[in-house]
Amino acid sequence: MLKNIPLFSGLAESDLAILSSHAGTKTFAKNTIIINEGDETDSLYVILSGKVKAFLSDEQGKEITLNIEGPGEHFGEIALLDEAPRSASVMTLEPSSFLIISKADFKDCLAKNPNIAISLIKELTSRIRTLTGNVKGLALRDVYGRVAEALLNLATEENGTLTISERPTQQELANMVGASREMVSRILKDLATGGYIEVEDKKIIIKRKLPSGW
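The present account deals with the structure reproduced in this document. (Residues numbered from 1 in each chain as written. Predicted model: local features only at pLDDT ≥ 70, side-chain atom pairs only at ≥ 80, totals over all residues. Heavy atoms only, no water.)

Considerations on the overall build of the chain
Phase 1: Helix and strand content of the chain: seven helices and twelve strands.
Phase 2: Taking 214 residues into account, the globule formula puts the C-alpha radius of gyration at 17 Å, and the chain, at 19 Å, falls close to it.
Phase 3: On the principal axes, the C-alpha backbone points of the chain span a range of 55 × 45 × 30 Å.
Phase 4: For the chain, the proportion of its 214 residues judged to be buried stands at 38%. (Helix = DSSP H or I, 4+ residues; strand = E, 2+ residues; numbered from the N terminus. Rg over C-alpha atoms; globule rule 2.2 N^0.38 Å. Buried < 20%, exposed > 50% of the residue type's maximum accessible area, 1.4 Å probe, protein only.)

A word on the sheet that holds strand β4 (residues 52–57)
Phase 1: Read from one edge to the other, the open sheet built from four strands follows the order β2-β7-β4-β5, with strand pairing classed as antiparallel. Where the open sheet ends on each side, the last strands, each with one partner, are β2 (33–35) and β5 (63–69). Across the sheet, the mean angle from the axis of one strand to that of its neighbour is 35°, orientation sign disregarded. (Pairing = 2+ DSSP bridges. Axes fitted to C-alpha atoms, helices over the stretch in contact; angles between N-to-C directions.)

A few points about the packing of helix α5 (residues 143–154) against helix α7 (residues 181–193)
Helix-helix packing is described using two parameters, namely the angle between the two axes and the distance between the axes.
Phase 1: In contact at an axis separation of 10 Å, α5 and α7 are set at 70° when each is read in the N-to-C sense. Here α5 lies roughly perpendicular to α7, going by the angle between them. Contacts from Val143, Tyr144, Val147 and Leu151 in α5 reach Met183, Val184, Ile187, Leu188, Asp190 and Leu191 in α7.
Phase 2: Residue composition of the contact of α5 with α7, grouped by class: nine nonpolar, no polar and one charged. (Parallel < 35°, antiparallel > 145°, perpendicular 65-115°, else oblique. Contact = heavy atoms within 4.5 Å. Nonpolar A, V, L, I, M, F, W, Y, C, P; charged D, E, K, R; others polar.)

As for α5
Phase 1: Given a rise of 1.5 Å per residue, twelve residues ought to cover 16 Å, and the 16 Å separating the end C-alpha atoms of α5 matches this to within 8%.
Phase 2: Within the span of α5, buried status applies to Val143, Gly145, Arg146, Val147, Ala148, Ala150 and Leu151.
Phase 3: Of the residues that open α5, the one with a side-chain oxygen 3.3 Å from the backbone nitrogen of Tyr144 is Asp142. (Expected span 1.5 Å × (residues − 1). Polar contact = N/O pair within 3.5 Å; in protein donor to acceptor, adjacent residues only side chain to side chain.)

Considering the packing of aromatic side chains
Ring pairs (aromatic) are described by centroid distance and by the angle formed between their planes.
Phase 1: Tallying each qualifying case throughout the model produces four aromatic pairs.
Phase 2: Plain terms: the ring middles of Tyr45 and Phe75 are 5.1 Å apart, the flat faces sit at 5° to each other, and that makes the pair stacked. Here Tyr45 is found in strand β3 (residues 43–49), whereas its partner Phe75 is found in strand β6 (residues 74–75), with 30 residues between them in sequence.
Phase 3: Considering the side-chain rings of Tyr45 and Phe98, the 6.1 Å spacing of their centres and the 90° angle between planes classify their relative orientation as edge-to-face. Taken together, the residues Tyr45 in strand β3 and Phe98 in strand β8 (residues 96–102) connect sequence positions 53 residues apart. Judged on exposure class, the residue Tyr45 and its partner Phe98 are both buried.
Phase 4: Grouped by ring-pair contacts, the aromatic residues Phe28, Tyr45, Phe75 and Phe98 constitute a single cluster. (Phe/Tyr/Trp six-rings, centres within 6.5 Å; stacked < 30°, edge-to-face > 60°.)

Regarding the pairing of strand β7 (residues 89–92)
Phase 1: Residues Ser89 and Met91 line one face of β7 and the alternating positions Val90 and Thr92 line the opposite face, and both faces are buried.
Phase 2: Two elements, β2 and β7, share two bridges in a ladder whose sense is antiparallel. Bridging across to β7, Ile35 finds its partner in Val90.
Phase 3: Pairing analysis gives four bridges linking β4 to β7, with the strands arranged antiparallel. Bridge pairing links Phe55 to Ser89 in β7.

Side note on the pattern of salt bridges
Phase 1: Using the criterion set out here, one finds seven salt bridges in the structure.
Phase 2: The partner of Asp42 in a salt bridge is Arg86, with the nearest N and O atoms 3.7 Å apart. With Asp42 in the loop between β2 and β3 and Arg86 in the loop between α2 (77–82) and β7, this pair connects stretches of sequence that are 44 residues apart.
Phase 3: Note on Arg86: relative accessible area 4%, which makes it buried. (Salt bridge = Lys/Arg side-chain N within 4 Å of Asp/Glu carboxyl O.)

Remarks on the nonpolar core
Phase 1: With 21 residues, the main nonpolar core has Val147, Leu151, Leu173, Val184, Ile197 and Leu210 as its most contacted residues.
Phase 2: Those residues in contact with Val184 that sit more than four places away from it in its chain are Val147, Gln170, Leu173, Ala174, Val177 and Ala179. (Core = buried A, V, L, I, M, F, W, Y, C linked by side-chain atoms within 4.5 Å.)

Brief notes about the packing of helix α6 (residues 170–177) against α7
Phase 1: Axis separation between α6 and α7 bottoms out at 8 Å; the angle between their running directions is 105°. Between α6 and α7, the crossing angle belongs to the class labelled roughly perpendicular. Listed contacts from α7 to Gln170, Gln171, Leu173, Ala174 and Val177 of α6 are Arg181, Val184, Ser185 and Leu188.
Phase 2: Taken together, the residues of the contact of α6 with α7 break down into five nonpolar, three polar and one charged.

Below is the structure:
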């Protein structure tokens, strides 16, 4: 399994075998909190199947989604590197299974395999750029623009058409863009009425270039 994870794809078979022998697997039901913001750090989680969201919330329950991750992606590595508590909470969006690697084994793997450290740095840099873009969007774009950008970020090309194969709920999308569910509902309706998107069961198909300047 580890060989198919981009972060560990450069490891020798012997190193993969050692790391695998120390790793465990665990499955969680939908809507299970895997880690809480502020938790002590002890493990790296690699997603084998399913989907999770990383998010921040306040005492009143207001929530903002940082990102959504699926198979082959991982979370928990930042706290392992700086020894600080978890910086965000992570919850499953569907039944999910994970490969769990302890802090000690992960650090030992990094020390023996600098290429993994380089790969991790590149990935963390990419995440920082994404978060910077999200902050810029929240500060400088109106809600229409933030919803349009979120849809584009979630979409992948299928047969030449941008498609969100598993569309988020309106509340999940609202949490991504820092807006109310009612506002997101109105915007999605406007986009559908204008022929920009088409909603089919669990899919959202982007039919036309989304309007700019929103």
